[in-house]
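Next come the chains, spelled out residue by residue.
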Amino acid sequence: MPDSNNSLMEKLVALCKRRGFIFQSSEIYGGINGFWDYGPLGVELKRNIKAAWWEDIVRKRDDILGLDASIIMNPRVWEASGHVGGFSDPMVDCRECKSRFRADKVAMVGFTRNGEELFSAAVETDDHSEAVDLARSKANSKTRKRLDQAGDDLTATVTLLSKLQYGHPTQCPSCGAADSLTEPRQFNLMFQTYVGAVHDDSAIAYLRPETAQGIFADYKNVLDSTRVKLPFGIAQIGKAFRNEINPRNYTFRSREFEQMEIEFFCHPSEADKWYTYWRDARFQWYVDHGLTSSKLRLRDHQADELAHYAAACADIEYEFPFGISELEGVANRTDYDLTRHQQYSGRDLTYFDDDTKERFVPYVIEPSGGVDRAALAFLCEAYTEDQAPDENGVMQQRVVMKLHPRLAPIKVAVFPLVKKESMPEIAMEIYRRVKAAGIASFYDEKGAVGRRYRRQDEAGTPFCVTVDGQTLQDGTVTIRDRDSLAQERIGKDDVLAYVRDRL
Ligand code: GAP
(Lines give C-alpha, C1' and ligand atoms only; values in the text may rest on other atoms or scores of the structure.)
Protein backbone atom coordinates (compact mmCIF):
# COMPACT_ATOMS: atom_id res chain seq x y z
CA MET A 1 0.00 0.00 0.00
CA PRO A 2 1.55 3.37 -0.95
CA ASP A 3 2.29 5.69 1.98
CA SER A 4 -0.38 8.22 1.05
CA ASN A 5 -3.04 5.50 1.07
CA ASN A 6 -1.68 4.15 4.32
CA SER A 7 -1.92 7.52 5.95
CA LEU A 8 -5.37 8.20 4.46
CA MET A 9 -6.61 4.98 6.06
CA GLU A 10 -4.95 5.88 9.37
CA LYS A 11 -6.52 9.33 9.33
CA LEU A 12 -9.93 7.93 8.47
CA VAL A 13 -9.77 5.31 11.23
CA ALA A 14 -8.71 7.99 13.73
CA LEU A 15 -11.54 10.31 12.65
CA CYS A 16 -14.08 7.50 12.85
CA LYS A 17 -13.07 6.78 16.42
CA ARG A 18 -12.68 10.43 17.50
CA ARG A 19 -16.05 11.49 16.10
CA GLY A 20 -18.03 8.37 16.97
CA PHE A 21 -18.49 6.69 13.60
CA ILE A 22 -16.81 3.33 14.34
CA PHE A 23 -15.32 1.79 17.49
CA GLN A 24 -13.54 -1.49 18.02
CA SER A 25 -15.98 -3.94 19.64
CA SER A 26 -15.46 -4.40 23.42
CA GLU A 27 -12.39 -2.18 23.20
CA ILE A 28 -12.07 -1.79 26.99
CA TYR A 29 -11.25 -5.52 27.11
CA GLY A 30 -8.74 -5.32 24.29
CA GLY A 31 -11.29 -5.72 21.50
CA ILE A 32 -12.16 -8.85 19.53
CA ASN A 33 -10.79 -9.44 16.06
CA GLY A 34 -13.30 -8.99 13.24
CA PHE A 35 -16.07 -7.26 15.23
CA TRP A 36 -16.94 -3.55 15.15
CA ASP A 37 -19.38 -1.14 16.79
CA TYR A 38 -21.00 1.85 15.13
CA GLY A 39 -21.08 4.94 17.37
CA PRO A 40 -23.70 7.71 17.40
CA LEU A 41 -22.68 9.10 13.98
CA GLY A 42 -21.89 5.69 12.46
CA VAL A 43 -25.22 4.15 13.37
CA GLU A 44 -27.03 7.07 11.68
CA LEU A 45 -24.87 6.66 8.56
CA LYS A 46 -25.57 2.94 8.45
CA ARG A 47 -29.29 3.38 9.06
CA ASN A 48 -29.42 5.99 6.31
CA ILE A 49 -27.71 3.60 3.86
CA LYS A 50 -30.17 0.84 4.73
CA ALA A 51 -33.15 3.21 4.63
CA ALA A 52 -32.10 4.58 1.21
CA TRP A 53 -31.71 1.03 -0.13
CA TRP A 54 -35.05 -0.13 1.35
CA GLU A 55 -36.87 2.92 0.06
CA ASP A 56 -35.42 2.61 -3.46
CA ILE A 57 -35.66 -1.19 -3.71
CA VAL A 58 -38.82 -2.08 -1.80
CA ARG A 59 -41.00 0.98 -1.20
CA LYS A 60 -40.66 2.78 -4.52
CA ARG A 61 -41.02 -0.31 -6.71
CA ASP A 62 -44.03 -2.53 -7.19
CA ASP A 63 -42.13 -5.70 -8.14
CA ILE A 64 -40.14 -6.23 -4.91
CA LEU A 65 -41.39 -7.43 -1.53
CA GLY A 66 -39.58 -7.22 1.79
CA LEU A 67 -38.65 -9.99 4.21
CA ASP A 68 -37.09 -10.33 7.65
CA ALA A 69 -36.09 -13.98 8.14
CA SER A 70 -34.53 -15.46 11.27
CA ILE A 71 -30.76 -15.63 11.66
CA ILE A 72 -30.79 -19.24 12.87
CA MET A 73 -32.58 -21.58 10.49
CA ASN A 74 -33.13 -25.31 10.16
CA PRO A 75 -29.61 -26.74 9.55
CA ARG A 76 -30.91 -28.57 6.47
CA VAL A 77 -31.00 -25.15 4.76
CA TRP A 78 -27.20 -25.07 4.87
CA GLU A 79 -26.91 -28.59 3.50
CA ALA A 80 -29.11 -27.61 0.56
CA SER A 81 -27.20 -24.39 -0.03
CA GLY A 82 -23.88 -26.22 0.05
CA HIS A 83 -22.59 -24.24 3.03
CA VAL A 84 -22.27 -27.32 5.22
CA GLY A 85 -19.41 -29.16 3.67
CA GLY A 86 -18.81 -26.60 0.98
CA PHE A 87 -18.53 -23.22 2.67
CA SER A 88 -14.97 -23.58 3.68
CA ASP A 89 -11.66 -22.33 2.43
CA PRO A 90 -8.57 -24.53 2.33
CA MET A 91 -6.18 -23.07 4.91
CA VAL A 92 -2.54 -23.53 5.69
CA ASP A 93 -0.92 -22.97 9.10
CA CYS A 94 2.63 -21.88 9.79
CA ARG A 95 4.21 -24.37 12.20
CA GLU A 96 6.64 -21.70 13.39
CA CYS A 97 4.57 -18.61 14.11
CA LYS A 98 1.12 -20.30 14.16
CA SER A 99 -0.35 -17.83 11.66
CA ARG A 100 -3.15 -19.12 9.45
CA PHE A 101 -3.63 -18.17 5.78
CA ARG A 102 -5.92 -18.95 2.89
CA ALA A 103 -4.02 -21.55 0.89
CA ASP A 104 -4.61 -19.86 -2.44
CA LYS A 105 -3.04 -16.70 -1.06
CA VAL A 106 0.24 -18.24 0.03
CA ALA A 107 0.88 -21.36 -1.90
CA MET A 108 -1.34 -21.25 -4.96
CA VAL A 109 -2.72 -24.71 -4.19
CA GLY A 110 -1.96 -26.99 -7.10
CA PHE A 111 0.27 -24.28 -8.49
CA THR A 112 3.20 -24.80 -6.22
CA ARG A 113 5.37 -26.02 -9.08
CA ASN A 114 4.40 -22.99 -11.12
CA GLY A 115 5.30 -20.81 -8.19
CA GLU A 116 8.72 -22.40 -8.01
CA GLU A 117 9.24 -22.03 -11.75
CA LEU A 118 8.20 -18.42 -11.58
CA PHE A 119 10.42 -17.76 -8.65
CA SER A 120 13.45 -19.27 -10.41
CA ALA A 121 12.69 -17.34 -13.59
CA ALA A 122 12.38 -14.11 -11.65
CA VAL A 123 15.69 -14.68 -9.88
CA GLU A 124 17.56 -15.71 -13.02
CA THR A 125 16.61 -12.70 -15.09
CA ASP A 126 17.23 -9.10 -14.28
CA ASP A 127 13.96 -7.66 -15.43
CA HIS A 128 11.58 -10.44 -14.33
CA SER A 129 10.22 -10.56 -17.87
CA GLU A 130 10.51 -14.32 -18.05
CA ALA A 131 8.61 -14.62 -14.80
CA VAL A 132 5.97 -12.25 -16.12
CA ASP A 133 5.57 -14.27 -19.33
CA LEU A 134 5.37 -17.47 -17.37
CA ALA A 135 2.84 -15.93 -14.96
CA ARG A 136 0.73 -14.78 -17.89
CA SER A 137 0.74 -18.25 -19.42
CA LYS A 138 -0.31 -19.88 -16.12
CA ALA A 139 -2.63 -17.21 -14.79
CA ASN A 140 -6.40 -17.36 -14.85
CA SER A 141 -8.14 -14.65 -16.86
CA LYS A 142 -8.58 -12.33 -13.86
CA THR A 143 -4.88 -12.36 -13.04
CA ARG A 144 -3.96 -12.14 -16.71
CA LYS A 145 -6.14 -9.06 -17.05
CA ARG A 146 -4.38 -7.46 -14.09
CA LEU A 147 -0.98 -8.34 -15.51
CA ASP A 148 -2.01 -6.85 -18.85
CA GLN A 149 -3.19 -3.70 -17.10
CA ALA A 150 0.22 -3.38 -15.46
CA GLY A 151 1.71 -3.46 -19.01
CA ASP A 152 5.30 -2.23 -19.13
CA ASP A 153 5.19 -0.95 -15.60
CA LEU A 154 7.74 -3.31 -14.10
CA THR A 155 7.24 -2.15 -10.53
CA ALA A 156 3.48 -2.72 -10.76
CA THR A 157 4.02 -6.15 -12.30
CA VAL A 158 6.53 -7.28 -9.71
CA THR A 159 4.29 -5.97 -6.93
CA LEU A 160 1.42 -7.94 -8.43
CA LEU A 161 3.52 -11.10 -8.69
CA SER A 162 4.71 -10.86 -5.13
CA LYS A 163 1.15 -10.12 -3.98
CA LEU A 164 0.02 -13.30 -5.68
CA GLN A 165 2.85 -15.08 -3.88
CA TYR A 166 4.05 -16.63 -7.10
CA GLY A 167 7.59 -16.42 -5.86
CA HIS A 168 7.24 -17.85 -2.38
CA PRO A 169 5.18 -20.99 -2.57
CA THR A 170 6.34 -22.56 0.66
CA GLN A 171 7.47 -19.59 2.72
CA CYS A 172 5.40 -18.19 5.59
CA PRO A 173 4.31 -14.68 4.57
CA SER A 174 4.21 -13.65 8.21
CA CYS A 175 7.46 -14.87 9.83
CA GLY A 176 9.30 -15.80 6.63
CA ALA A 177 10.19 -19.31 7.84
CA ALA A 178 10.95 -21.68 4.96
CA ASP A 179 9.05 -24.97 4.60
CA SER A 180 6.99 -24.18 7.68
CA LEU A 181 3.52 -24.33 6.11
CA THR A 182 1.19 -27.29 6.62
CA GLU A 183 -0.74 -28.95 3.82
CA PRO A 184 -3.98 -27.10 3.02
CA ARG A 185 -6.86 -28.07 5.38
CA GLN A 186 -10.55 -27.34 5.16
CA PHE A 187 -11.89 -24.69 7.53
CA ASN A 188 -15.61 -24.07 7.95
CA LEU A 189 -16.56 -20.43 7.92
CA MET A 190 -19.96 -20.86 9.61
CA PHE A 191 -20.37 -20.02 13.29
CA GLN A 192 -21.87 -23.01 15.04
CA THR A 193 -24.15 -22.98 18.07
CA TYR A 194 -26.61 -25.30 19.86
CA VAL A 195 -30.36 -24.89 20.00
CA GLY A 196 -31.91 -26.00 23.29
CA ALA A 197 -30.38 -27.27 26.48
CA VAL A 198 -28.65 -30.40 25.21
CA HIS A 199 -25.35 -29.86 23.46
CA ASP A 200 -25.17 -32.86 21.16
CA ASP A 201 -24.89 -33.18 17.38
CA SER A 202 -28.66 -33.15 16.89
CA ALA A 203 -28.82 -29.64 18.44
CA ILE A 204 -26.19 -28.06 16.17
CA ALA A 205 -27.33 -24.96 14.32
CA TYR A 206 -25.55 -22.15 12.50
CA LEU A 207 -25.60 -18.38 12.44
CA ARG A 208 -26.49 -17.58 8.83
CA PRO A 209 -23.47 -16.71 6.66
CA GLU A 210 -25.73 -14.89 4.17
CA THR A 211 -29.28 -13.56 4.20
CA ALA A 212 -30.05 -15.06 0.78
CA GLN A 213 -31.04 -18.53 1.99
CA GLY A 214 -33.81 -17.08 4.19
CA ILE A 215 -35.29 -15.64 1.02
CA PHE A 216 -35.14 -18.95 -0.86
CA ALA A 217 -36.64 -20.82 2.09
CA ASP A 218 -39.55 -18.34 2.24
CA TYR A 219 -40.00 -17.98 -1.52
CA LYS A 220 -43.13 -20.15 -1.61
CA ASN A 221 -44.63 -18.44 1.47
CA VAL A 222 -44.22 -15.03 -0.15
CA LEU A 223 -45.63 -16.28 -3.43
CA ASP A 224 -48.69 -17.88 -1.79
CA SER A 225 -49.40 -15.09 0.70
CA THR A 226 -49.15 -12.20 -1.78
CA ARG A 227 -50.10 -13.93 -5.06
CA VAL A 228 -47.40 -11.87 -6.73
CA LYS A 229 -46.59 -12.71 -10.34
CA LEU A 230 -43.25 -13.29 -12.02
CA PRO A 231 -40.97 -11.40 -12.46
CA PHE A 232 -40.64 -10.25 -8.85
CA GLY A 233 -38.01 -9.92 -6.18
CA ILE A 234 -37.70 -10.48 -2.44
CA ALA A 235 -35.38 -8.11 -0.55
CA GLN A 236 -33.84 -8.47 2.86
CA ILE A 237 -31.41 -6.54 5.04
CA GLY A 238 -29.85 -8.32 7.99
CA LYS A 239 -26.88 -9.58 9.91
CA ALA A 240 -24.67 -12.33 8.56
CA PHE A 241 -21.79 -14.07 10.29
CA ARG A 242 -18.65 -15.64 8.89
CA ASN A 243 -15.78 -16.95 10.93
CA GLU A 244 -13.35 -15.28 8.51
CA ILE A 245 -9.85 -16.66 8.83
CA ASN A 246 -8.25 -13.33 8.42
CA PRO A 247 -10.52 -10.39 9.25
CA ARG A 248 -8.75 -7.31 7.98
CA ASN A 249 -8.80 -3.91 6.38
CA TYR A 250 -10.85 -2.30 9.14
CA THR A 251 -14.54 -3.20 8.71
CA PHE A 252 -14.04 -4.52 5.17
CA ARG A 253 -13.73 -8.17 6.14
CA SER A 254 -15.56 -8.63 9.44
CA ARG A 255 -16.90 -11.70 11.20
CA GLU A 256 -20.26 -10.07 11.90
CA PHE A 257 -21.64 -7.80 9.18
CA GLU A 258 -24.86 -6.79 7.46
CA GLN A 259 -26.02 -7.64 3.98
CA MET A 260 -28.60 -6.05 1.67
CA GLU A 261 -29.71 -8.75 -0.73
CA ILE A 262 -32.31 -9.09 -3.47
CA GLU A 263 -33.31 -12.38 -5.04
CA PHE A 264 -35.12 -11.48 -8.24
CA PHE A 265 -37.14 -14.38 -9.68
CA CYS A 266 -37.89 -14.49 -13.41
CA HIS A 267 -38.59 -16.77 -16.36
CA PRO A 268 -35.34 -18.42 -17.58
CA SER A 269 -35.74 -16.76 -20.97
CA GLU A 270 -35.67 -13.32 -19.31
CA ALA A 271 -32.71 -13.95 -17.00
CA ASP A 272 -30.09 -12.29 -19.23
CA LYS A 273 -32.20 -9.15 -19.54
CA TRP A 274 -32.79 -8.88 -15.78
CA TYR A 275 -29.16 -9.64 -15.00
CA THR A 276 -28.02 -6.69 -17.13
CA TYR A 277 -30.74 -4.50 -15.66
CA TRP A 278 -29.76 -5.22 -12.04
CA ARG A 279 -26.02 -5.01 -12.65
CA ASP A 280 -26.37 -1.54 -14.13
CA ALA A 281 -29.04 -0.34 -11.69
CA ARG A 282 -26.99 -1.35 -8.65
CA PHE A 283 -23.86 0.31 -10.03
CA GLN A 284 -25.82 3.52 -10.63
CA TRP A 285 -27.19 3.42 -7.06
CA TYR A 286 -23.69 3.84 -5.64
CA VAL A 287 -22.97 6.67 -8.09
CA ASP A 288 -26.22 8.41 -7.10
CA HIS A 289 -25.21 8.22 -3.44
CA GLY A 290 -21.85 9.86 -3.84
CA LEU A 291 -19.37 7.33 -5.27
CA THR A 292 -18.84 9.52 -8.29
CA SER A 293 -15.08 9.17 -8.68
CA SER A 294 -13.30 6.75 -10.99
CA LYS A 295 -12.65 4.63 -7.88
CA LEU A 296 -15.99 2.89 -8.47
CA ARG A 297 -15.81 0.18 -11.12
CA LEU A 298 -17.89 -2.59 -12.62
CA ARG A 299 -16.05 -5.82 -13.41
CA ASP A 300 -17.69 -8.64 -15.32
CA HIS A 301 -16.41 -12.09 -14.36
CA GLN A 302 -14.74 -14.16 -17.05
CA ALA A 303 -16.20 -17.62 -17.69
CA ASP A 304 -13.43 -19.37 -15.69
CA GLU A 305 -14.16 -17.23 -12.60
CA LEU A 306 -17.86 -18.13 -12.38
CA ALA A 307 -19.23 -20.36 -9.63
CA HIS A 308 -20.45 -23.66 -11.13
CA TYR A 309 -24.12 -22.65 -10.73
CA ALA A 310 -23.78 -19.09 -12.05
CA ALA A 311 -24.47 -18.13 -15.66
CA ALA A 312 -23.07 -14.61 -15.23
CA CYS A 313 -21.60 -12.49 -12.47
CA ALA A 314 -20.24 -8.98 -12.03
CA ASP A 315 -18.53 -7.27 -9.12
CA ILE A 316 -19.16 -3.66 -8.23
CA GLU A 317 -15.71 -2.73 -6.96
CA TYR A 318 -14.26 0.23 -5.13
CA GLU A 319 -10.66 1.34 -4.95
CA PHE A 320 -10.20 1.47 -1.17
CA PRO A 321 -6.91 2.84 0.20
CA PHE A 322 -5.88 -0.81 0.75
CA GLY A 323 -6.70 -1.90 -2.81
CA ILE A 324 -9.56 -2.58 -5.23
CA SER A 325 -12.18 -4.78 -3.60
CA GLU A 326 -15.77 -5.92 -3.98
CA LEU A 327 -18.64 -3.82 -2.64
CA GLU A 328 -21.45 -5.85 -4.15
CA GLY A 329 -21.82 -8.84 -6.43
CA VAL A 330 -24.58 -9.29 -9.00
CA ALA A 331 -25.10 -12.86 -10.24
CA ASN A 332 -27.40 -14.87 -12.45
CA ARG A 333 -27.72 -17.93 -10.17
CA THR A 334 -29.98 -19.78 -12.63
CA ASP A 335 -32.49 -22.20 -11.01
CA TYR A 336 -29.75 -23.68 -8.81
CA ASP A 337 -30.95 -22.52 -5.38
CA LEU A 338 -34.66 -23.27 -5.76
CA THR A 339 -33.87 -26.65 -7.33
CA ARG A 340 -31.58 -27.56 -4.43
CA HIS A 341 -34.18 -26.51 -1.83
CA GLN A 342 -36.80 -28.47 -3.74
CA GLN A 343 -34.59 -31.56 -3.55
CA TYR A 344 -33.69 -31.16 0.13
CA SER A 345 -37.11 -30.09 1.45
CA GLY A 346 -39.23 -32.30 -0.76
CA ARG A 347 -41.52 -29.30 -1.38
CA ASP A 348 -42.66 -28.18 -4.81
CA LEU A 349 -41.02 -24.83 -5.54
CA THR A 350 -42.07 -24.60 -9.18
CA TYR A 351 -44.02 -21.63 -10.52
CA PHE A 352 -47.16 -22.03 -12.61
CA ASP A 353 -47.81 -19.32 -15.19
CA ASP A 354 -51.61 -18.96 -15.52
CA ASP A 355 -51.33 -17.21 -18.87
CA THR A 356 -48.99 -19.62 -20.66
CA LYS A 357 -49.93 -22.72 -18.58
CA GLU A 358 -46.20 -23.37 -18.19
CA ARG A 359 -44.71 -24.83 -14.98
CA PHE A 360 -41.03 -24.21 -14.26
CA VAL A 361 -38.42 -23.40 -11.60
CA PRO A 362 -37.68 -19.68 -11.90
CA TYR A 363 -34.19 -18.31 -12.49
CA VAL A 364 -32.76 -15.95 -9.89
CA ILE A 365 -30.77 -12.75 -10.31
CA GLU A 366 -29.03 -11.83 -7.08
CA PRO A 367 -27.64 -8.38 -6.28
CA SER A 368 -25.87 -8.92 -2.94
CA GLY A 369 -24.20 -6.03 -1.14
CA GLY A 370 -22.67 -5.40 2.26
CA VAL A 371 -23.89 -2.50 4.39
CA ASP A 372 -20.54 -2.20 6.18
CA ARG A 373 -18.58 -2.21 2.93
CA ALA A 374 -20.90 0.42 1.48
CA ALA A 375 -20.44 2.53 4.63
CA LEU A 376 -16.66 2.17 4.39
CA ALA A 377 -16.64 3.15 0.71
CA PHE A 378 -18.85 6.19 1.38
CA LEU A 379 -16.54 7.22 4.25
CA CYS A 380 -13.38 6.79 2.12
CA GLU A 381 -14.87 8.75 -0.76
CA ALA A 382 -16.17 11.49 1.57
CA TYR A 383 -12.88 12.11 3.41
CA THR A 384 -11.49 15.41 2.09
CA GLU A 385 -8.82 17.81 3.27
CA ASP A 386 -9.14 21.38 2.01
CA GLN A 387 -8.74 24.99 3.14
CA ALA A 388 -11.39 27.11 4.84
CA PRO A 389 -11.19 30.53 6.51
CA ASP A 390 -11.36 30.70 10.33
CA GLU A 391 -13.33 33.42 12.18
CA ASN A 392 -10.50 35.91 11.47
CA GLY A 393 -10.56 35.15 7.76
CA VAL A 394 -7.23 33.26 7.91
CA MET A 395 -7.18 30.13 5.74
CA GLN A 396 -6.79 26.92 7.74
CA GLN A 397 -6.66 23.29 6.72
CA ARG A 398 -9.97 21.55 7.40
CA VAL A 399 -11.09 17.95 7.28
CA VAL A 400 -14.54 17.56 5.78
CA MET A 401 -16.62 14.45 5.21
CA LYS A 402 -18.43 15.16 1.95
CA LEU A 403 -21.16 12.58 2.52
CA HIS A 404 -24.22 12.60 0.28
CA PRO A 405 -26.94 14.58 2.13
CA ARG A 406 -29.24 11.53 2.06
CA LEU A 407 -26.60 9.56 3.98
CA ALA A 408 -25.18 12.27 6.25
CA PRO A 409 -25.82 11.41 9.93
CA ILE A 410 -26.80 15.00 10.82
CA LYS A 411 -28.47 17.15 8.17
CA VAL A 412 -28.56 20.55 9.92
CA ALA A 413 -26.62 22.12 12.78
CA VAL A 414 -27.94 25.29 14.38
CA PHE A 415 -25.72 27.75 16.29
CA PRO A 416 -26.22 31.05 18.10
CA LEU A 417 -23.19 33.21 17.20
CA VAL A 418 -22.84 34.18 20.88
CA LYS A 419 -24.61 33.06 24.03
CA LYS A 420 -26.49 36.32 24.62
CA GLU A 421 -29.13 38.75 23.36
CA SER A 422 -31.71 35.99 22.85
CA MET A 423 -29.63 34.36 20.07
CA PRO A 424 -29.66 30.95 21.88
CA GLU A 425 -33.46 31.08 22.22
CA ILE A 426 -33.97 31.84 18.52
CA ALA A 427 -31.44 29.14 17.49
CA MET A 428 -33.08 26.62 19.81
CA GLU A 429 -36.49 27.37 18.29
CA ILE A 430 -35.16 26.77 14.75
CA TYR A 431 -33.45 23.56 15.88
CA ARG A 432 -36.63 22.25 17.52
CA ARG A 433 -38.73 23.01 14.45
CA VAL A 434 -36.33 21.18 12.09
CA LYS A 435 -35.99 18.24 14.47
CA ALA A 436 -39.75 17.97 14.96
CA ALA A 437 -40.05 17.60 11.17
CA GLY A 438 -37.99 14.40 11.46
CA ILE A 439 -34.76 15.87 10.08
CA ALA A 440 -31.65 14.89 12.09
CA SER A 441 -30.34 18.14 13.58
CA PHE A 442 -27.86 19.29 16.17
CA TYR A 443 -27.74 22.35 18.44
CA ASP A 444 -24.36 23.71 19.55
CA GLU A 445 -23.57 26.88 21.46
CA LYS A 446 -20.17 25.92 22.91
CA GLY A 447 -16.86 27.53 21.87
CA ALA A 448 -15.87 29.69 18.90
CA VAL A 449 -18.25 29.43 15.97
CA GLY A 450 -15.34 28.49 13.65
CA ARG A 451 -14.63 25.46 15.78
CA ARG A 452 -18.30 24.50 15.75
CA TYR A 453 -18.26 24.61 11.92
CA ARG A 454 -15.15 22.37 11.89
CA ARG A 455 -16.82 19.79 14.09
CA GLN A 456 -19.84 19.64 11.78
CA ASP A 457 -17.56 19.43 8.71
CA GLU A 458 -15.92 16.36 10.23
CA ALA A 459 -19.33 14.84 10.94
CA GLY A 460 -20.38 15.48 7.31
CA THR A 461 -23.28 17.84 8.19
CA PRO A 462 -24.36 19.48 4.91
CA PHE A 463 -25.93 22.65 6.40
CA CYS A 464 -25.02 24.93 9.33
CA VAL A 465 -27.42 27.69 10.38
CA THR A 466 -26.14 30.61 12.47
CA VAL A 467 -28.24 33.12 14.37
CA ASP A 468 -26.32 36.44 14.65
CA GLY A 469 -26.76 40.13 15.35
CA GLN A 470 -28.55 40.72 12.07
CA THR A 471 -31.14 38.06 12.97
CA LEU A 472 -32.25 40.31 15.82
CA GLN A 473 -32.79 43.17 13.37
CA ASP A 474 -34.31 41.57 10.27
CA GLY A 475 -35.12 37.97 11.23
CA THR A 476 -32.62 36.40 8.78
CA VAL A 477 -29.99 33.76 9.56
CA THR A 478 -26.94 32.54 7.63
CA ILE A 479 -27.02 29.06 6.14
CA ARG A 480 -23.63 27.64 5.17
CA ASP A 481 -23.07 24.93 2.58
CA ARG A 482 -20.51 22.35 3.79
CA ASP A 483 -18.88 21.76 0.40
CA SER A 484 -18.86 25.17 -1.29
CA LEU A 485 -18.62 27.10 1.99
CA ALA A 486 -21.07 29.57 0.42
CA GLN A 487 -23.23 31.41 2.99
CA GLU A 488 -26.68 32.72 2.19
CA ARG A 489 -29.06 34.74 4.33
CA ILE A 490 -32.59 33.41 4.55
CA GLY A 491 -35.54 34.11 6.81
CA LYS A 492 -35.33 32.22 10.12
CA ASP A 493 -38.77 30.77 9.42
CA ASP A 494 -37.65 29.51 6.01
CA VAL A 495 -34.90 27.18 7.29
CA LEU A 496 -37.06 24.05 7.32
CA ALA A 497 -38.35 24.58 3.77
CA TYR A 498 -34.82 25.41 2.51
CA VAL A 499 -33.34 22.23 3.99
CA ARG A 500 -36.25 20.05 2.86
CA ASP A 501 -35.81 21.37 -0.67
CA ARG A 502 -32.14 20.46 -0.77
CA LEU A 503 -32.44 17.07 0.87
N1 GAP B 1 -25.58 -14.42 -1.25
C2 GAP B 1 -24.36 -14.16 -1.92
C3 GAP B 1 -23.28 -13.73 -1.04
O4 GAP B 1 -23.39 -13.73 0.17
P5 GAP B 1 -20.84 -12.81 -1.06
O6 GAP B 1 -20.02 -12.24 -2.19
O7 GAP B 1 -20.23 -13.86 -0.23
O8 GAP B 1 -22.19 -13.30 -1.73
C9 GAP B 1 -22.05 -10.55 -0.64
O10 GAP B 1 -21.29 -11.60 -0.12
C11 GAP B 1 -21.59 -9.23 -0.06
O12 GAP B 1 -21.56 -9.30 1.37
C13 GAP B 1 -20.16 -8.83 -0.45
O14 GAP B 1 -20.13 -8.17 -1.70
C15 GAP B 1 -19.79 -7.90 0.68
O16 GAP B 1 -20.28 -6.59 0.44
C17 GAP B 1 -20.52 -8.49 1.87
N18 GAP B 1 -19.59 -9.32 2.67
C19 GAP B 1 -19.26 -10.61 2.47
N20 GAP B 1 -18.38 -11.05 3.40
C21 GAP B 1 -18.14 -9.99 4.21
C22 GAP B 1 -17.33 -9.78 5.37
N23 GAP B 1 -16.61 -10.76 5.89
N24 GAP B 1 -17.33 -8.56 5.95
C25 GAP B 1 -18.08 -7.55 5.44
N26 GAP B 1 -18.87 -7.69 4.36
C27 GAP B 1 -18.91 -8.89 3.75
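Residues numbered from 1 in each chain as written. Predicted model: local features only at pLDDT ≥ 70, side-chain atom pairs only at ≥ 80, totals over all residues. Heavy atoms only, no water.

1. Some words on the sheet that holds strand S16 (residues 363–370)
- Spatially, S3-S9-S10-S16-S13-S12-S11 is the arrangement adopted by the seven strands of the open sheet, whose pairing is mixed. Both edges of this open sheet fall to strand S3 (64–67) and strand S11 (296–300), since each of them pairs with a single strand only. Shown here is a sheet whose adjacent strand axes are inclined to one another by a mean of 25 degrees, direction ignored.
- As paired strands, S3 and strand S9 (residues 232–241) are joined by four bridges and run parallel to one another. Paired with Ile64 across the bridge in S9 is Gly233.
- Relative to strand S13 (residues 323–332), helix H11 (residues 271–288) is tilted by about 145 degrees, and along the sheet it contacts S3, strand S10 (256–266), S11, strand S12 (312–320), S13 and S16. (Pairing = 2+ DSSP bridges. Helix = DSSP H or I, 4+ residues; strand = E, 2+ residues; numbered from the N terminus. Axes fitted to C-alpha atoms, helices over the stretch in contact; angles between N-to-C directions. Contact = heavy atoms within 4.5 Å.)

2. Description of the packing of aromatic side chains
- All told, the structure shown has 22 aromatic pairs when counted by the stated rule.
- Between Phe216 and Phe265 the ring centres are 6.4 Å apart and the planes differ by 80 degrees, which places this aromatic pair in the edge-to-face class. Of the two residues, Phe216 is situated in helix H10 (residues 212–226) and Phe265 in strand S10; the sequence distance between them amounts to 49 residues. Grouping residues by exposure puts Phe216 and Phe265 together as buried.
- Taking the centre distance of 5.0 Å and the plane angle of 5 degrees together, the rings of Phe320 and Phe322 count as stacked.
- Taking the relative accessible area as the measure of exposure, Phe320 reaches 2% and is therefore buried. (Phe/Tyr/Trp six-rings, centres within 6.5 Å; stacked < 30°, edge-to-face > 60°. Buried < 20%, exposed > 50% of the residue type's maximum accessible area, 1.4 Å probe, protein only.)

3. Describing unusual backbone geometry
- The omega torsion across Leu230 and Pro231 is -5 degrees, close enough to zero to call that bond cis.
- Assignment of secondary structure puts Pro231 in the loop between H10 and S9.
- At Arg227, a residue that is not glycine, the phi angle is positive and equals roughly 55 degrees.
- Topologically, Arg227 is positioned in the loop between H10 and S9.
- Look at Leu485: it is not a glycine, yet its phi comes out positive at around 65 degrees.
- Position of Leu485 among the secondary structure elements: in the loop between strand S22 (476–481) and strand S23 (487–491).
- For Leu485, a relative accessible area of 23% gives the class partly exposed.

Purely spatial values, then, with no claim about function.
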